[in-house]
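In case you want the letters, here they are:
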Amino acid sequence: MTFANPIFLWSLLSLIPLAAIYLLKVRPNRKPTTAYFLWQDIFQERRSNSLFQKLRDLFSLLLMMVAFLAVAFALAKPVWQADDQKDLVLVIDNTASMNAIDSLSTRLDLAKKAASEIVESLGGTQRCSIATVSDRVRYISNLTDNPRDLLEAIAKIQPTEIPFRDGALNEFALSETKDTAPSNDETRVQTAAKTTWRTILISDGLVADIPDSLELLQVGGSAGGNVGIVASDIQRLPGKDRASALIQLASSFDAPVEVEIELSVGEPDNVVKIIPTTVQPGINKALVFELENAPQGRWLVKLVTATDALKSDNRAFLVLHPVKPIPIRVAAEERFFYENSVLAFSGAGGLLQLVTTGGQMLVGQGELGIQLGESAPDDFLAFRPAGQSPWWSEVGDEIEVKLPRATDEDHPVIRHIDVTSIPFVGARRVTLSPAAEILVRAEDDTPLIWRMSQAGKSAVVVNLDPLDSNFYFSAWFPVLVYSSATHLAGRTDELKSTWRTGEVATLPGKDNSTSTLTLPGGETTTLENTRNTTMRQTGHYEIQNDAGQWQAACSLLSPRETLIDNQKVQANLKPIRRGWSPVAWLTIAAILFVTCESVLFQRRKVG
Amino acid sequence: MLTDPNFIRRLDSLYLLARKVLSGSLQADRKSMKKGTGITFADYAEYYMGADYRSIDWRVFAKFENLVIKLFEVEEDATIYILLDQSQSMTGKFDYAKQLAAGLGYIALNCLDRLAVYGISENLTPLLTPCRGRGSVMPFLKGLQDAQTGGSDSQFNTCSRLFQARHQRRSVVIVISDFLFPTGFDDGLSYLQWHKHDVYCLQVQNEADTRCELKGDIELECVETSQRRRVTITPREAKLYEQAVANWNQQLARSCAKRGIGLASTTPEISFDRVIQDILRRGGLVA
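Residues numbered from 1 in each chain as written. Chains lettered and ligands numbered in written order. Predicted model: local features only at pLDDT ≥ 70, side-chain atom pairs only at ≥ 80, totals over all residues. Heavy atoms only, no water.

1. A word on unusual backbone geometry
With the exception of glycine, the majority of residues adopt a negative phi angle, and the majority of peptide bonds are in the trans configuration.
Part 1: For A:Asn470, which is not glycine, the phi torsion reads 60° and is therefore positive.
Part 2: Tracing the backbone through its elements, the reader meets A:Asn470 in the loop between strand 28 (457-462) and helix 9 (476-488).
Part 3: With phi around 60°, B:Ser226 is a residue other than glycine that occupies positive phi space.
Part 4: Among the structural elements, B:Ser226 can be located in the loop between strand 8 (216-222) and strand 9 (228-233).
Part 5: When its relative accessible area of 42% is taken as the criterion, B:Ser226 is described as partly exposed. (Helix = DSSP H or I, 4+ residues; strand = E, 2+ residues; numbered from the N terminus. Buried < 20%, exposed > 50% of the residue type's maximum accessible area, 1.4 Å probe, protein only.)

Written out as structure tokens, the structure is:
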């Protein structure tokens, strides 16, 4: 055992005056009595306690000395010699599987309790930091040696319904790699710094890719089996009100389990289908079935089982999205090609719809003859720029393009297109405003395809003559029309029937739009200039933005979280102190001894 | 101050009350206890073997053919002895005891009885030699006033024997004490009564005697013998002590009742003249 503040051991000298005071103090007051003989009779009966009476003052002195010793040692902050005194980082797993009931409490509660015990054992002599991990690592407290701050941080940790994301602990692995491979002075310094901290993951062990530098303190393991939904989907089938549903179950029980699957639409109690089934141990084969008269809107898949350790995987929230095609109007001389390119994607469930008036998007050539204004469509797809237009400022001579070059191959407009195979015949020199996003350039940097937004309108311009270049006959022509239309309308990404918790959902709408999100709990949140949001709560969501009103759903759907059996997980925790620190024990001992002495003192004073 | 004029006036009041209550002298009150020869007829009694033939009432015999004898009041000098406890245990209540002794002695001297006062502690100490008449009042009061507590251990039984050795004539003996004698009081009272004294006990105890306010660790010291003992007094011990004192006083009351000895218990909180008035109203110093 060593002492963090050994200077306080000098306080042991206080034992000397204490003993002196005690020896003086224990002399009792003398009281005269007129009936001494009566007192003698009374105390003759109590002679059996005389030994204790004689030694009581000594006991009292000894108790006070021990109490003083305990206080002196507590002030000196003793620490166990076995401990390496490294700074600690306690990473508490708060993924969905930690909500499993294990020994009458959740695994997260067990983890928080274990973390609290470690913090209590530090006794303010060692620094520690608290973090959680689910889809990523979040630090709850700074590195501090204040136990109260750490315990408060632990108490703040809330359960989540987010599954563990692979690589979430990589930041610890990265630091390890960097620190354990010193190649120069700088990394050697980092290595030295690294040896001063220790990271402990407190988890049920249902995580992947734990870096070697992390020690796993496993909690739970006595939970019963669990059955849950690990995959679910619902999609519209061609034909009116027909849909196909997919449900996949998994079980951590050792034996088959009889369950019922309830499908409800709209309200949770509006059950439209009940499917009794037997769930085999492990991940089961998916159940796929068709639904007649399946209305669009909210769907709920509910698993009814007798015993279950985890509740959040018993429900899957789905949305059967309505068909909302993008109306497109064609304004060009060669209408045939444009119209057919739109019609190619306007079949059952198709996203494009050809209209003759109005429309959300206008496809055509040249100036398109339309100025920006409230009556103008929202989006434009223009080929063969000519004349004056808000989307280019000046059109010059024709150029010969030999090697077109994509500036962003992953851009939604061109990611499905091989731009090098497009003959940019009829391309002209153009001057663009700085706001234009050039997607494809010629070898002399002449813009060939660009995207531009202004005054709430967007456009994709393709700098070629589709007739001269025979681009109408190219397979990329309808693809380019489709990609441009879905991109400009903010419909590039498929609207899923449900997202997994922790997954980033891309909402319909334009990039710079503002969306209002109503969460399953009823709270609303606003997304400014972004369409991406991380889905954290299971349930149904409402979305309102410039692209219209939408519904979304989020479910756990994680085989790793559902298969909660962690018996085979290998913990690699090195010895660590848990429970109260020596300082706490010494303080308690001191209080105990002082209390005992107070009892004796009380007896001496008032009997 | 026992010789203070105001105090003496209070004593005078007591004497006047005594005359009124007792309708004469204290001696008349005492005559009912003793029968013998004299000139004043007192009562009849059946004749018994050895009785004086001269006292047979022949008229009664002639009328009823029963032999009865006539009894006459005794005529003798009445002597009152006050045994005043002056042991250390009386400290704190000794002045009150002296006031009681002064009141009773004043009445006796005014009634022309013989009066003697002794202090009892480890020995019998004469405080006032036998005297009679009003002229002895001031010496009596001064003697009382000068009396101090002392001695190392009160011995009531020894003092009773010493008293009997000095005064063998029957008399009225008034014992003023707290009766907290380590050796007890039974032998002393029996001894005095055995020798035909009219004994009257006046017990004076204060709250320090009957209640225990001591708590915790203390060193008890006997006020008389200076014996010491370190003890821890809990509420239980305090209760036991109070019970022991109550038992002791109850034992004194039983002992007095058994022997026909008058007993009055008082505390310094009650004025001495009120105590004496009560005694007189109850019929004097009789059981």
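There's more to say after this.
2. Focus on the interface of chain B and chain A
Part 1: Tallying the contact residues gives 32 residues for chain B and 26 residues for chain A.
Part 2: Both faces considered, chain B and chain A share a buried interface measuring about 2,900 Å² in area, 61% of it formed by carbon and sulfur atoms.
Part 3: In terms of surface lost to chain A, no three residues of chain B exceed B:Asp217, B:Arg229 and B:Tyr241, which account for 20% of the buried area on that side.
Part 4: Here chain B and chain A share 1 salt bridge between them.
Part 5: Linking A:Arg30 and B:Glu219 is a salt bridge whose minimum nitrogen-to-oxygen distance equals 3.2 Å.
Part 6: Summed over the shared surface of chain B and chain A, the number is 8 residue pairs in polar contact (both at pLDDT 80 or more).
Part 7: For the side of chain B that touches chain A, the secondary-structure elements that each account for two or more residues are strand 8, strand 9 and helix 9 (235-259) of chain B.
Part 8: Each residue belonging to the side of chain B that touches chain A can be placed in one class, and the counts come to 17 nonpolar, 5 polar and 10 charged. (Contact = heavy atoms within 4.5 Å. Buried area = accessible area lost by both parts, 1.4 Å probe. Salt bridge = Lys/Arg side-chain N within 4 Å of Asp/Glu carboxyl O. Polar contact = N/O pair within 3.5 Å; in protein donor to acceptor, adjacent residues only side chain to side chain. Nonpolar A, V, L, I, M, F, W, Y, C, P; charged D, E, K, R; others polar.)

3. Details of helix 10 (residues 272-281) of chain B
Each turn of an α-helix holds 3.6 residues, which means side chains three or four residues apart point in the same direction.
Residues and elements named next belong to chain B.
Part 1: Among the residues of helix 10, those classed as buried are Phe272, Asp273, Val275, Ile276, Ile279 and Leu280. Each buried residue of helix 10 lies within a common arc of 155° when the element is viewed along its axis, so the set occupies one face. Away from its buried face by more than 90 degrees, helix 10 exposes Arg274 and Arg281. (Arc of directions from axis to C-beta.)

4. A look at the pairing of strand 18 (residues 315-320) of chain A
Regular strands have side chains that alternate between both faces of the sheet.
Residue and element names in this part refer to chain A.
Part 1: Within strand 18, 5 of the 6 residues are buried, which leaves it mostly tucked inside the rest of the structure.
Part 2: Inspection of the sheet shows strand 17 (residues 297-304) paired to strand 18 by 6 bridges, in the antiparallel sense. Of the residues in strand 18, the one forming a bridge with Val301 is Ala316. (Pairing = 2+ DSSP bridges.)

5. Let's talk about a negative patch on the surface
Residue and element names in this part refer to chain A.
Part 1: Where like charges cluster on the molecular surface, the negative patch consists of Asp408, Glu409, Asp410 and Glu437.
Part 2: By secondary structure assignment, the location of Glu437 is in strand 26 (residues 437-441).
Part 3: The exposure class assigned to Glu437 is partly exposed, which follows from its relative accessible area of 32%. (Patch = residues over 30% accessible without salt bridge, like charges linked within 9 Å, V, L, I, M, F, W, Y side chains within 5 Å. Areas by Shrake-Rupley, 256 points an atom, 1.4 Å probe, with all protein chains shown as cover. Lys, Arg positive; Asp, Glu negative; His and termini not counted. Charge placed at Lys NZ, Arg CZ, Asp CG, Glu CD.)

6. What about the confidence of the model for chain B?
Part 1: Within chain B, residue pLDDT values average 84, and 89% of them lie at 70 or more.
Part 2: Per-residue pLDDT stays below 50 along residues 23-33 of chain B; that stretch engages in 18 contacts with residues further than four places along the chain or on separate chains. (pLDDT = per-residue confidence, 0-100.)

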